[in-house]
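# Inside the fold
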Amino acid sequence: MIRVENLHRHFGGFRAVDGATLEIAERSITGLVGPNGAGKTTLFNVIAGALPPTSGQVFMDGEEITGLPPHALFHKGLLRTFQVAHEFSSMTCRENLMMVPGGQTGESLWSSWMHRGRIAREETDLLKKADEVLDFLTISHLKDERAGNLSGGQKKLMELGRTMMVDAKIVFLDEVGAGVNRTLLNTIADTIVRLNKERGYTFCVIEHDMDFIGRICDPVIVMAEGKKLFEGTLPEVKADDAVIEAYLGTGLKNKEAVG
């Protein structure tokens, strides 16, 4: 679904992404791991349109999307989440979900006066869909809770719910486990797998928790120094000498420390 070819993103003399070439297969849950400073989040930002590349190309379903802004990629079904959730804190969980779909009639001042019936029908449909999403996520009991009052894990679940409001094709998850307790992290993992198996979502996941990566991701791509270092299953990743060196700088003697 995603193909990245010789992608570079430089900040002055610093090469955050330095010739990365990789593919994310349709309907996969691909893990993206690597030591701090490997270029993982910068790669996400370039693919998702938050940063323009210095050079290189990005393709989605065979169509070049290099440098397209996030709103254009959103309409193509490419979404991303962030390590720190971005919610409308004063709005309820349900209202946060209802805000997501674009092109709502009520967004126009003129239409809000002239098409009140259409707006009411759209809101009824959005309300129904939001409640279905909350049920799927098993957080329907939080539908009327202000989003700012949710825990970190609940906010991450709500962000997954946002992707369901527009039937995303591919979702980039940046450290979905950051600040989340183990119980909710297991719920998030189950939700990602269900979205992949039942609804055909493709995921690419940055995460430092190797247990989480091992539970849901295949393949796993390892980045180091701004480029792809290795790709394989998690056991293959843990056994590769170059990966061990990139993480530890100590060679074979500390294999057991990886992950």
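Residues numbered from 1 in each chain as written. Predicted model: local features only at pLDDT ≥ 70, side-chain atom pairs only at ≥ 80, totals over all residues. Heavy atoms only, no water.

### Describing the side chain of Asp209
Where we set the bar: Numbering of helices and strands runs from the N terminus; a helix is a DSSP stretch of H or I covering at least four residues, while a strand is a stretch of E covering at least two. Under the rule applied, a polar contact is a pair of N or O atoms within 3.5 Å (in protein, one hydrogen donor and one hydrogen acceptor; residues adjacent in sequence only if both atoms are side-chain atoms). Contacts are residue-level and defined by heavy atoms, with any inter-residue pair within 4.5 Å sufficient.
Following the sequence through the fold, Asp209 ends up in the loop between β8 (202-206) and α8 (210-216). At 2.8 Å, the side chain of Asp209 and the side chain of Arg182 are in polar contact. Those residues in contact with Asp209 that lie beyond four places of it in its chain are Arg182 and Leu185.

### Here we look at the sheet that holds β8
To summarise the sheet geometry, strands pair through backbone hydrogen bonds and adopt either a parallel or an antiparallel arrangement. As a reminder of what qualifies: Whether two strands pair comes down to DSSP finding at least two bridges between them. Axis definition: a line fitted to C-alpha atoms, over the contacting stretch in the case of helices. Angles run 0 to 180 degrees between N-to-C directions.
Reading across the sheet, the 6 strands line up as β6-β7-β8-β3-β9-β10 and stay open at both edges, with mixed pairing between neighbours. Both outer strands of the open sheet, β6 (78-80) and β10 (227-232), are each paired with one neighbouring strand and no more. With strand direction ignored, the average angle separating the axes of adjacent strands in the sheet is 20°. Here β6 runs beside strand β7 (residues 170-174); their pairing, made up of 3 bridges, is parallel. Each bridged residue has a counterpart across the sheet, and for Leu79 the counterpart in β7 is Val171.

### Some points on the pattern of salt bridges
As a reminder, the rule being used: Note on definitions: salt bridges are taken to be side-chain nitrogens of Lys or Arg within 4 Å of carboxyl oxygens of Asp or Glu. Exposure classes here rest on a 1.4 Å probe applied to the protein chains alone. A residue is buried below 20% of its type maximum, exposed above 50%, and partly exposed in between.
Tallied over the full model, the rule gives 14 salt bridges. With its nearest N and O atoms 2.7 Å apart, the salt bridge here joins Arg3 to Glu5. Residue class for Glu5 comes out partly exposed when judged on its relative accessible area of 29%. For Glu63, the salt bridge goes to Lys76, with nearest N and O atoms at 2.9 Å. Of this pair, Glu63 sits in strand β5 (residues 63-64) while Lys76 sits in the loop between α2 (70-75) and β6, placing them 13 residues apart in sequence. The class of Glu63 is partly exposed, set by a relative accessible area of 39%. Owing to a relative accessible area of 27%, Lys76 belongs among the partly exposed residues under this scheme.

### A closer look at the environment of Arg15
Among the secondary structure elements, Arg15 is positioned in strand β2 (residues 14-24). In this structure the C-alpha to C-alpha distance between Arg15 and Thr54, which are 39 residues apart in sequence, comes to 9.6 Å. Ignoring sequence-local partners within four residues, the contact set of Arg15 consists of His8, Arg9 and His10. In terms of polar contacts, Arg15 uses its side chain to reach the side chain of His10, at 3.5 Å. Looking at Arg15, its side chain comes within polar contact range of the side chain of Asp18, at 3.3 Å.

### Notes on the state of the cysteines
Counted only if it meets this: The disulfide definition used here is simple: a pair of cysteine sulfur atoms within 2.5 Å.
Applying the stated rule across the entire model yields 0 disulfides. Free of any disulfide, Cys204 has its nearest neighbouring cysteine sulfur in Cys217, separated by 8.1 Å. By relative accessible area, which is 3% here, Cys204 ends up buried.

### Describing the sheet that holds strand β4 (residues 55-60)
The strand order β2-β1-β4-β5 describes an open sheet built from 4 strands, whose pairing is antiparallel. On the outer flanks of this sheet lie β2 and β5, each paired with one strand and no other. Here β4 runs beside β5; their pairing, made up of 2 bridges, is antiparallel. Bridged to Phe59 within β5 is Glu64. Relative to strand β1 (residues 2-11), helix α1 (residues 40-47) is tilted by about 110°, and along the sheet it contacts β1, β2 and β4.

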